[in-house]
Amino acid sequence: MKSLFEIKNLNMHYPVTDGLLGNIKGYVYALNNVNLNIYENEILGLVGESGSGKSTLGNCILKLINPTSGEVIFYGEDITKKTKKELKDFRSKAQLIFQNPYMSLDPRMKIYDLLKEPFIINKVSDKKTTDETIKKIINLIGMDEEVLSRYPHEFSGGQRQRIAIARAIILNPKFIVADEPVSALDVSIQAQIVNLLLKLKEKFNLTMLFISHDLSIIKYISDRVAVMYLGEITEIAEKEEFFKNHKHPYSQALLNAVPVINEDKTKKIILSGDIPSPQNPPTGCKFHTRCPYVMEKCKTKQPDFYEVSQDHKVRCFLCEN
Ligand code: SF4
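Residues numbered from 1 in each chain as written. Predicted model: local features only at pLDDT ≥ 70, side-chain atom pairs only at ≥ 80, totals over all residues. Heavy atoms only, no water.

Explain the confidence of the model for the chain here, please?
Caution applies to low-pLDDT parts of the model: their predicted coordinates are not meant to be read in detail. For the chain, the average pLDDT comes to 91, and 96% of its residues sit at 70 or higher. Scored below 50 in pLDDT, residues 262-269 shows 13 contacts in the model against residues more than four places distant or in partner chains. (pLDDT = per-residue confidence, 0-100. Contact = heavy atoms within 4.5 Å.)

Structure (structure tokens):
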């Protein structure tokens, strides 16, 4: 499989300063040594609790924030080194769908102007091409052309998210980061939006990083699954392999937190304790403060990534052999 992105040793450490003098008094270790490939035409599901670094990783890949160190290789070029001007082409090829469709659309702009804006930013001045594309996209997302003269507040959350998706794909990008794109929506609408993303992925040969804390959605939409904990990838595998044969205790805990329908009862096991502060992460394995299988060495030594089968890697000493 060919990689669209190769992410190498990516770190994002935010300085924490004291209020008055601005002296650095510590760091928030949001991403730590992340190594990850995103293959062409796949949907990579990224799962983890809130505060695990998922959105920070998505934002670093899109260079919406500058990582502290590391590389994000896209078509052979490290985009972390590029200037704003050099990033112009990349910006049209890589787009973000936000979690909250109420915040991502400017309420003062009509839908037509919201969809036209990406063309203006990218200096596409052919009005005929622009208008034809806008009409095509609005039909593709299951809406009628009459919506183009209306404002975002006239639409429901699901409709707004459709419009936000239309805006993200209107310049025919290669790559989308979908950051919790359905978590702000009613459960009844979530499946429609997820199915729309799957349809668009096929139609436009998109590659997608789909960020979610909801494993049932990750299971439905993803080709591969990566799990994050305190700024590190802890397990990565193809979807079927992950759901059948997950190895990391954190993956097990996340899956145990999903309601399981047994023969005659619903069983729910909750992950105990909170995720530690990324400002003061545990030494050794970052999961050791919550891990039921913790050993002495886990407290001081960081586990490597161990390959348990082809393309299935786990960062846990239990998989060492
Ligand atoms: Fe648990 Fe140790 Fe594995 Fe970390 S390395 S997940 S603490 S068993």
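Read on for the rest.
Can you walk me through the packing of aromatic side chains in this structure?
Aromatic rings considered in pairs are described by the distance between their centres and by the relative angle of their planes. Tallying each qualifying case throughout the model produces 10 aromatic pairs. Ring centres 4.8 Å apart and planes at 70° place the aromatic pair Phe-74 and Tyr-75 in the edge-to-face group. Classification of Phe-74 as buried rests on a relative accessible area of 6%. The class for Tyr-75 is partly exposed, based on a relative accessible area of 41%. By the ring-pair criterion, three or more aromatic residues cluster together here, those being Phe-5, Phe-74, Tyr-75, Phe-90 and Phe-175. The ring of Phe-317 has Lys-297 sitting right over it, with the charged end atom 4.6 Å from the ring centre. (Phe/Tyr/Trp six-rings, centres within 6.5 Å; stacked < 30°, edge-to-face > 60°. Buried < 20%, exposed > 50% of the residue type's maximum accessible area, 1.4 Å probe, protein only. Lys NZ or Arg CZ within 6 Å of the ring centre and 35° of its normal.)

What exactly am I supposed to notice about the pairing of strand 13 (residues 306-309) here?
It is a general feature of regular strands that their side chains alternate between the two faces of the sheet. Of the pairings in the sheet, the one linking strand 13 to strand 14 (residues 312-314) comprises three bridges and is antiparallel in character. Residue pairing in the sheet places Glu-307 in a bridge with Lys-313 of strand 14. Hairpin connection of strand 13 to strand 14: two residues between the antiparallel strands, including Asp-311 at a positive phi of 65°. (Pairing = 2+ DSSP bridges. Helix = DSSP H or I, 4+ residues; strand = E, 2+ residues; numbered from the N terminus.)

What is the right way to read helix 5 (residues 127-140) from this model?
Here helix 5 is 14 residues long and its end C-alpha atoms lie 20 Å apart, about the 20 Å a rise of 1.5 Å per residue gives. Along helix 5, the positions that sit buried rather than exposed are Thr-130, Asp-131, Ile-134, Ile-137, Ile-138 and Leu-140. The secondary structure elements touched by the buried residues of helix 5 are helix 4 (111-121), helix 6 (157-169) and helix 7 (187-204). The backbone nitrogen of Lys-128 has a side-chain oxygen 3.0 Å away, supplied by the residue at the start of helix 5, namely Asp-126. (Expected span 1.5 Å × (residues − 1). Polar contact = N/O pair within 3.5 Å; in protein donor to acceptor, adjacent residues only side chain to side chain.)

Please clarify how the pairing of strand 10 (residues 232-238) should be interpreted in this entry.
Burial analysis of strand 10 places six of its seven residues in the buried class, which makes it a mostly covered element. The pairing of strand 9 (residues 224-229) with strand 10 spans six bridges and is classified as antiparallel. When the bridges of strand 10 are listed, Met-228 appears paired with Ile-233. As consecutive antiparallel partners, strand 9 and strand 10 are separated by two residues, and within that stretch Leu-230 has a phi angle of approximately 45°, a positive value. Note that strand 10 and strand 14 share two bridges and pair antiparallel. For Glu-235, the partnering residue across the bridge sits in strand 14 and is Val-314.

Mind showing me how you'd approach the sheet that holds strand 9 here?
Strands belonging to one sheet form pairs held by backbone hydrogen bonds; the direction of such a pair is parallel or antiparallel. With respect to topology, eight strands assemble into an open sheet ordered 6-7-8-3-9-10-14-13, the strand pairing being mixed. In this open sheet, the two edge strands, each paired with only one partner strand, are strand 6 (94-97) and strand 13. Each strand of the sheet is rotated relative to its neighbour by a mean of 20°, with strand direction disregarded. Along the sheet, helix 1 (residues 54-61) contacts strand 3 (43-47), strand 6, strand 7 (175-179), strand 8 (207-212) and strand 9; its crossing angle with strand 8, the most-contacted strand, is approximately 155°. Helix 7 contacts strand 3, strand 6 and strand 8 of the sheet and is inclined by roughly 160° relative to strand 8. (Axes fitted to C-alpha atoms, helices over the stretch in contact; angles between N-to-C directions.)

Help me understand unusual backbone geometry in this model?
The bulk of non-glycine residues show a negative phi, and the bulk of peptide bonds are trans. Positive phi values are uncommon outside glycine, yet Asn-41 reaches one of about 70°. Along the chain, the position of Asn-41 falls in the loop between strand 2 (24-39) and strand 3. At Asn-172, a position not held by glycine, the phi torsion is positive, near 60°. With respect to the element layout, Asn-172 can be found in the loop between helix 6 and strand 7.

What should I look at first to understand the sheet that holds strand 2 in this one?
Read from one edge to the other, the open sheet built from four strands follows the order 2-1-4-5, with strand pairing classed as antiparallel. Looking along the sheet, the strands with just one partner apiece sit at the ends: strand 2 and strand 5 (77-78). For strand 1 (residues 3-17) and strand 2, the ladder comprises 11 bridges, and the chain directions are antiparallel. Paired with Glu-6 across the bridge in strand 2 is Asn-37.

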